Each structure stands twice: as structure tokens, then as C-alpha cells.
Amino acid sequence: MLRQRVIIRTLGVATAVALAATACGPQKTEPAGSASKVPSASAAGSTPESSPSTDNKPADPSPSPSASDSPSASPSASPSPTVKAIMANGDESEQVRELQARLKQLKYMTVAPTGFYGSKTTAAVKSFQSKNGLTASGAVDDATWKKIQSVSKKPTADELRPPTVNEVDAPDPRCMTGRVMCISKESRTLAWMIDGKVVSTMDVRFGSENTPTREGQFKVEWKAKDWTSTIYHTPMPYSMFFSQGQAVHYSADFAARGYAGASHGCVNVRDKGKLASLFEQVQVGDKVVVYW
């Protein structure tokens, strides 16, 4: 606390106000309508997929005709057995992660594995099934899984868990000149750019609907390699403050829980190594652009 008082005196009254509001501790859950907008299927980038759809929900069966209604009906006739799904929309497991990695090898998916079976995985499975003479249900049954395994190889560790999950969005025009942290809410990525060239990229998450990350063009006001939120008392390593109390910083919660949580307005980074390298390169005064 003594160190914080010394910093505040040094930076002056305006910055002292910002320091008093470094409210970027992780929130427990990500409310509906979070500012961490889930990219659409057409947007570049991989994300935890949307909530399970009803594409695979069977229709209500029609009443079977009785023997008296249909004289030709056989009393011993029974409905066809339902094919059991091994993996389906809404599942989350390491097997799903492997499925996604194999589908990416086969060019049916462009996003990196997340382990969650959502709309993108369902669409990829349907496409694979259609092109391989299988019932296009979107769910993986035994026949589908065996076929996928037979035409793909066992994924490597890097294929299962690539260092960066999300693909970088097209940069905002304001990012094309100078030194800039170009932060897309659509693809949930940060691209460090110099004179229009992407130097490095990393996954990010944002604040919730109640504590949104501000959008616009800013500049890095000050940096702190070791910082703790003065309101939530949570660590904020490699903080680069750009809008009052909002900063780009490493989040252990983001690293552990991913997009199941949200910040209180800061831009969270989950790759500590990449952020540490970026922290050394970014200078006070460099541009920050946050956009959809």
C-alpha cells in the first residue's frame, strides 16, 4: 500500500483517480449479453461455441396405427432402433476436443479445438457425414467416429491445444499506422501491430454487460509489471493502462476458466508468456484501439 501511495503522488491527481478505480478483478460468471460478444460463424476466429441448438431434437412421434386401423399391420412389428450418439451437441469432453482436431485436419473446421460440441462442430460433422454417405444428423455415432478416425491421424498436443485459439480479425483502419494494440471484440483477439504489420497475437476476453470494456481509440497511459486491483485485490500482472482504470493484463482466471468468466472492464490475456514479451515492447504513449 505504501508503494501505491508513492506511485500516486508521482503520477499526479488525474492518474490518482484512475488508480483508485483499477477494478479489473474477474467476475464469477459471464452474464447473458456479455460484452465479450461471441463471434458469428462468418467471423474469423475460434470461440467457445454457442449454446446447444435444437437441430438434433427428434420430432414428436406420430401415433402408431392400431391393428384394427391397418389390417395389413403386423402385430410383431417394432420401430427401428435409434442409433446411439457417442458425441452430440452440448457435450464437452476431451473426446470432443480430439474430434474437433481431426475435423480441422480434414478441413471441415477452421477454428481450433475447444472441447465443447456446439453449432460449429455440429455443422462440420453434418458436412462430413453428407460427403461420406452417412446419415447427416450432426451427431457422432459409432460409424461416423470410425470413419473420421480412419481418414485422419491422431492429433498432436499442439493440435489439441494450440497456443492461440482465436483467429485474428481484420484490423480496424485505425490500427494500420504506428504502434498499436489492435483489440477486436468480435474475434476476441489482441494483435500487436507496427505500421500495419502484425507482430504477435493473443486471445483476450472483456468485461460483462454491467462492466463493459470501453471501445474507441486510446493510448497507453502507464504500465505496471506487478499490480493488484485496488478494489478487488486480485493480481493484475503486466498491466498496461489505457482508459482510466481499464488495462490490458494477464488473468489467471481467464487462463483457468476461459470464457466462462469475464473481467470488470479490463482486457484479460491468458497467455502469460506472450503478454510478458508484449509488455517489454509496448511503450507509454502507444496507441490502443478497441473495436467490434
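Residues numbered from 1 in each chain as written. Predicted model: local features only at pLDDT ≥ 70, side-chain atom pairs only at ≥ 80, totals over all residues. Heavy atoms only, no water.

**A look at the pattern of salt bridges**
Part 1: All chains considered together, the criterion is met by ten salt bridges.
Part 2: When the shortest N-O distance is used, the salt bridge between aspartate 142 and lysine 146 registers 3.2 Å. Here the residue aspartate 142 and the residue lysine 146 both occupy positions in helix H5 (residues 142–150), the gap between them amounting to four residues, near one helical turn.
Part 3: Given the relative accessible area of 40%, aspartate 142 is considered partly exposed.
Part 4: Beyond isolated ion pairs, a larger network of salt bridges with shared partners links Arg205, Asp253 and Arg257. (Salt bridge = Lys/Arg side-chain N within 4 Å of Asp/Glu carboxyl O. Helix = DSSP H or I, 4+ residues; strand = E, 2+ residues; numbered from the N terminus. Buried < 20%, exposed > 50% of the residue type's maximum accessible area, 1.4 Å probe, protein only.)

**Let's talk about the nonpolar core**
Part 1: Core analysis: the largest hydrophobic core is formed by 23 residues, its most contacted members being Met181, Ile183, Met240, Val248, Leu275 and Leu278.
Part 2: Those elements giving two or more residues to this core turn out to be strand S3 (179–184), strand S4 (189–194), strand S5 (197–205), strand S8 (239–243), strand S9 (246–250), strand S10 (267–269), helix H8 (272–281) and strand S11 (287–291).
Part 3: If one sorts the elements of this core by residue count, H8 sits on top with four residues.
Part 4: Sequence-distant contacts of valine 248, that is, excluding residues within four places in its chain, are made with Met181, Ile183, Leu190, Tyr238, Ser239, Met240, Phe242, Val267, Val269 and Leu275. (Core = buried A, V, L, I, M, F, W, Y, C linked by side-chain atoms within 4.5 Å. Contact = heavy atoms within 4.5 Å.)

**A short note on the state of the cysteines**
Part 1: Applying the stated criterion across every chain yields a total of one disulfide.
Part 2: Sulfur-sulfur distance for the disulfide between cysteine 175 and cysteine 182 comes to 2.1 Å. Taking the sign of the S-S torsion, 85 degrees for the link of cysteine 175 and cysteine 182, the bridge is right-handed. Across the pair, cysteine 182 and cysteine 175 agree in class, each one buried. (Disulfide = S-S within 2.5 Å.)

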